[in-house]
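Next come the chains, spelled out residue by residue.
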Amino acid sequence: MTMGRNGVIEFSKAQLSSLVSTACDFLATACMFRLTHHVVASTASGAFVGGAVNCAINYCWTFKGTCRTKKGVVCRYIIVWLGSMALNTAGTEWGVKLVRWLGLWTAQNLGLVMTVKAVVAVVVAVVWNFTTQKYYVYKKQ
């Protein structure tokens, strides 16, 4: 299946939106990890901040022209966002455990958490976030 010009533009906008929201997510995660040294709490708080930024950008710019009301978008976004938060949080937690178990990284530090989080975030963004947002949250007529 090929993607037309509009599809490429929409996908590119979604990736730019994801990049901005991921920067906010990672900043919040790093700050929380520095305070708590808790992988799950840090990842979840970052996902919360990044998700709020992503929803606003996608509503106003990326998927402009949705047939849904703001309330409809928010309700559906929350469902998708909770799935994204769960996938990112669990993926990061288990990824950190796996990397440490394999002996590839011995310290439980910010570098380890952020590296694993980055890999998980890319997979979740492409496989889960874009698809569910395009066809479920911001569906067009």
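Since the structure is predicted, the reported quantities are computational estimates derived from the model, not experimental observations. Sequence positions are assigned chain by chain, starting from 1 and proceeding in written order. Where local features are concerned, this predicted model is filtered to residues with pLDDT of at least 70; where side-chain atom pairs are given and counted, the filter is 80 or more; whole-chain, interface and lining totals use all residues. Hydrogen atoms and water are omitted, and side-chain values are computed over all heavy atoms in the structure.

## A short note on the side chain of N129
Condition: What counts as a helix is a DSSP run of H or I of at least four residues, what counts as a strand is a run of E of at least two, and both are numbered from the N terminus. Here a residue-residue contact requires only that any non-hydrogen atoms of the pair lie within 4.5 Å.
Relative to the elements of secondary structure, N129 occurs in helix α4 (residues 110–137). Contacts of N129, omitting those with residues within four sequence positions, involve S84 and V124.

## Re the packing of aromatic side chains
To describe a pair of aromatic rings, you give the distance between the ring centres and the angle between the ring planes. How we decide: Put simply, two rings from Phe, Tyr or Trp (the six-membered ring, in Trp's case) pair if the centres are within 6.5 Å, and we call them stacked under 30 degrees between planes, edge-to-face over 60, tilted for the rest. Think of it in three bands: residues with accessible area under 20% of the maximum for their type are buried, residues over 50% are exposed, and the middle band is partly exposed, with areas taken using a 1.4 Å probe on protein chains only. Working rule: Lys NZ or Arg CZ, within 6 Å of ring centre, within 35 degrees of ring normal, means a charge sits over the ring.
In the structure shown here, the tally under the stated rule is five aromatic pairs. Here the aromatic rings of F11 and F130 are separated by 4.9 Å at their centres, their planes lie at 85°, and the arrangement is edge-to-face. Of this pair, F11 sits in helix α1 (residues 5–36) while F130 sits in helix α4, and the two are 119 residues apart along the sequence. The buried category is assigned to F130, whose relative accessible area is 13%. Look at Y77 and W81: their rings are 5.8 Å apart centre to centre, the planes differ by 55°, and that puts the pair in the tilted class. With Y77 and W81 both in helix α3 (residues 70–101) and four residues apart, the pair spans about one turn of that helix. Each member of the pair, Y77 as well as W81, is classed as buried. Each residue in the set F11, F63, F130 and Y138 is aromatic and connected to the rest through ring pairs, giving one cluster. The ring of W94 carries K97 above its face, with NZ or CZ at 4.6 Å from the centroid.

## Notes on the layout of surface pockets
Where we set the bar: Cavity: a set of points on a 1 Å grid over the protein atoms alone where a 1.4 Å probe fits but cannot get out. Pocket: an open set with protein on both sides within 12 Å along at least five of seven lines, its lining residues, like those of a cavity, having an atom within 4 Å of a point. Grid points are joined across faces, edges and corners, and a volume is the space filled by probe spheres set on the points.
Quantified by volume, the largest pocket comes out at close to 410 Å³. Lining the largest pocket are 26 residues, with S18, S21, T22, A125 and N129 sitting closest to its centre. At the level of secondary structure, the elements contributing two or more residues to the lining of the largest pocket comprise α1, α2 (39–62), α3 and α4. No other element matches α4, which puts eight residues into the lining of the largest pocket.

## Quick word on the nonpolar core
The test is simple: Take the buried residues of types Ala, Val, Leu, Ile, Met, Phe, Trp, Tyr and Cys, join any two whose side-chain atoms come within 4.5 Å, and each joined set is a nonpolar core.
Formed by 14 residues in total, the largest nonpolar core has its most connected members in F33, V96, L110, L112, V113, M114 and V116. Counting residues per element, the ones that place at least two in this core are α1, α3 and α4. Looking at this core, the element that brings in the most residues is α4, giving eight residues. One finds V73, V80, W81 and Y138 within the second-largest nonpolar core, a separate group that totals twelve residues.

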